[in-house]
Amino acid sequence: MRYLIYNGRIVDGTGRAAFAGSVLTEEERICAIFREKDSAQAVEKLKEDPSVTLVDAEGGYITPGFIDIHRHGDWQALENGDDELLNRQGITSVINGNCGLSAAPQAGAHAQETDHFLRSIIGSMPDTFSPEEDPSASMEAYLSCLRRVKRSVHTGMLVGGGTVRAGVAGYGGAAPDEAQEKEIRNRIERSLEAGALGVSLGMGYAPEFAYDEAGLERVLGVLRGTRIPVTAHIRTEGDGCVEAVLEMIRVCKRLGVPLHLSHMKCIGKRNWRTACRQELEMIRRAREDGMEISLDTYPYVTGATQLVHLIPPRFQSGGTKALLCALEDPDMRRQITRELQIPSGEYDNIVELAGFENIAATSLQTEEFAPFEGMSIAAAADARGQDPYETLYDLLLAERCEPAMLDTYGCEEDLTDFLKDEACSLISDSIYPERGRRHPRVYDSFVRFLTRYVREKGVFTIEEAVRKMTSVPAAVFHLDKGVLEEGKCADICVFHLENLQSHATFADPERLCTGMDAVFTGGRLCVLKDEWLGAEGGRVLSQKTAG
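Reference entry: report on the structure contained in this document.

Rules behind the numbers
Residues numbered from 1 in each chain as written. Predicted model: local features only at pLDDT ≥ 70, side-chain atom pairs only at ≥ 80, totals over all residues. Heavy atoms only, no water. 1 Å grid on protein atoms, 1.4 Å probe; cavity = no way out; pocket = protein on both sides within 12 Å on 5 of 7 lines; lining within 4 Å. Points joined across faces, edges and corners; volume = space filled by probe spheres on them. Helix = DSSP H or I, 4+ residues; strand = E, 2+ residues; numbered from the N terminus. Nonpolar A, V, L, I, M, F, W, Y, C, P; charged D, E, K, R; others polar. Buried < 20%, exposed > 50% of the residue type's maximum accessible area, 1.4 Å probe, protein only. Contact = heavy atoms within 4.5 Å. Pairing = 2+ DSSP bridges. Axes fitted to C-alpha atoms, helices over the stretch in contact; angles between N-to-C directions. Parallel < 35°, antiparallel > 145°, perpendicular 65-115°, else oblique. Left-handed = near helix turned anticlockwise from the far one by under 90°. Salt bridge = Lys/Arg side-chain N within 4 Å of Asp/Glu carboxyl O.

This brings us to empty space enclosed by the protein. Applying the stated rule across the entire model yields eight cavities of 30 Å³ or more. The calculated volume of the largest cavity comes to roughly 160 Å³. Lining the largest cavity are 21 residues, with Tyr 205, Glu 237, Lys 265, Ala 304 and Thr 305 positioned closest to its centre. Among the elements that make up the lining of the largest cavity, the one with the highest residue count is strand S14 (residues 302-306) (three residues). Counted by class, the lining of the largest cavity contains nine nonpolar, six polar and six charged residues.

Let us now look at the environment of Gly 170. As for its placement among the helices and strands, Gly 170 is situated in the loop between helix H5 (161-169) and helix H6 (178-194). The buried category is assigned to Gly 170, whose relative accessible area is 2%. Sequence-wise, Gly 170 and Leu 201 are 31 residues apart; in three dimensions their C-alpha atoms are separated by 16 Å. Those residues in contact with Gly 170 that lie beyond four places of it in its chain are His 110, Arg 165 and Pro 207.

Moving on, we come to the pairing of strand S7 (residues 91-96). Burial analysis of S7 places six of its six residues in the buried class, the great majority of the element. Taken together, the four bridges between S7 and strand S8 (residues 154-157) define a ladder with parallel strand orientation. What sits directly across from Val 94, in S8, is Thr 155.

Where empty space is left can be seen by rolling a probe of water-molecule size over the atoms. Of the pockets and cavities examined, the largest pocket occupies roughly 290 Å³. In this structure, the largest pocket is lined by Gln 112, Glu 113, His 116, Gly 318, Thr 320, Lys 321, Leu 324, Cys 325, Glu 328, Leu 397 and Arg 400. Listing elements by their share of the lining of the largest pocket, those giving two or more residues are helix H3 (111-122) and helix H10 (319-327). For the lining of the largest pocket, the per-class residue count stands at three nonpolar, four polar and four charged.

What follows deals with the sheet that holds S14. Reading across from one edge, S14-S16-S15 is the order of the three strands in this open sheet, with antiparallel pairing throughout. Two strands close off the open sheet at either side, each with one partner strand: S14 and strand S15 (359-362). Going from strand to strand, the sheet's axes swing by 25° on average, the running direction of each strand aside. Judged from the five bridges that link them, S14 and strand S16 (residues 404-408) form a sheet pairing that is antiparallel. From the neighbouring strand, Thr 302 faces S16, where its bridge partner is Thr 408.

Across the interface, H5 lies against H6 with an axial gap of 9 Å and an inter-helix angle of 135°. Here H5 is positioned oblique relative to H6, judged by the angle of their axes. In this structure, the crossing between H5 and H6 has a hand that is right-handed. Across the interface between the two elements, Val 164, Arg 165, Gly 167, Val 168 and Ala 169 from H5 touch Gln 180, Glu 183, Ile 184, Arg 187 and Ile 188 from H6. Of the residues that constitute the contact of H5 with H6, the class distribution is five nonpolar, two polar and three charged.

Let us now look at the pattern of salt bridges. For the coordinates displayed, the defined rule picks out 51 salt bridges. Asp 414 serves as the salt-bridge partner of Arg 273, at 2.7 Å between the closest nitrogen and oxygen. Here the residue Arg 273 occupies a position in the loop between strand S12 (259-261) and helix H9 (275-288), and Asp 414 occupies one in helix H15 (residues 412-420), the gap between them amounting to 141 residues. Overall, the relative accessible area of 3% leaves Asp 414 in the buried class. Among the ionic pairs, Arg 452 bridges to Glu 412, the shortest N-O distance being 3.1 Å. One end of the pair, Arg 452, is in helix H16 (residues 441-456); the other, Glu 412, is in helix H15, with 40 residues separating them in the sequence. Arg 452 sits in the partly exposed class, given a relative accessible area of 24%. One network of salt bridges, with partners in common, ties together Glu 213, Glu 217, Arg 224, Glu 243, Arg 250 and Arg 254.

Okay, structure coming up:
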């Protein structure tokens, strides 16, 4: 199939100024780009060719397809669960398996426990797979299953360091022994050989918070001297965030590998407008020293993660079963409360940094707590006539530590400063809890960025914004994508900036974006005038296909 997308303003993804022109595709590739002033006759001739399907951009922008390198749609990808919502905001490529929380490899004695831990982030495995083809067993098995799925999105995976460590050694706080460290390295290496694009870390989550710097460097030793990136949810994004960034810079510098810092933020008012600047300065100096270092963030100051993340890590060191036992013990509750009432530079004490009034529980299922879905912990405690700490513990206990949460933590100025960094990608950090209400960023992050920060606030030009959604994220994983150029994959968006609209809200998040005139994935038209045309064109992105 050949398409001619004509009468548009081409924003090629490099950051260069837009220009009037047309794009010709053939099958999966871009075969020609025409500048209007130089190629009018060639374009007119193509319009008369019956083998060419015409798409009139009507003066709108023609851009590369957007790339979201930080999602948690591991299980969604195996059942086309999010293809339409991705395409409707212009996304044609995604990377899952972030924050150390990949769906694979989960094989071993701790597989059931790992699956339970992951469900509030990535949901549960589709029931269409037999035990013999279990995609969670290994990265090879997962990617094999993924290759059989028809998607309208190119999809890559990271191997999660947390999943690997939990599978080998469980969620205990003790350091892995020599044999366990060797098996962790082996699982990482096998996952990369199968095609994983990099290694993701969740240093703020169990069980990876238990790594010291030397132990972390040892298990990542299989990457030494390669171009394979480490993507890091740093140890703390609150009071200790500056040291947490330094920790990852030190580790990756010694290993000689690229570092990518995930969903950068500064939690807590006392850190606003200071920690962000310190972190960005450290990143700048590391680049000047020759280190390959990049970052990403999403266009909200309200995040979403596991509600259990509120509990100090040391109380989670035995896994969910041990934590549930602790929550049943009044003395342990008092210990947890005392710890939550004081600042910490060792973990994200979101309760102390943001306050119960800015933390809402979601995905609630029990009869006792379902009425408080989306309500702040403070408001739920008032309704129950109870101390908010006790409400938190009762809720986690009743719901078996499975709920997700929304937490409002940051300031717009910090968000904007992170986004302005030359190597900052726009992401969504979408999580897909097994049940309950999702964050609106799942549905609208990329359109929200364009409408809020380009059209309304004028923080970025259209060229700068598109670059942060295309060539910048492509560079993190060395993907041969992200620019409109002859020979590149035909991943393309066509839109009028003035027509884009985000409709998702926290109260009603599951509303799709509107305003995309056309979206192509791998040369296949998957959206036309807000109509999704089905799952075609997507490929599996892997170390074997990355440039």
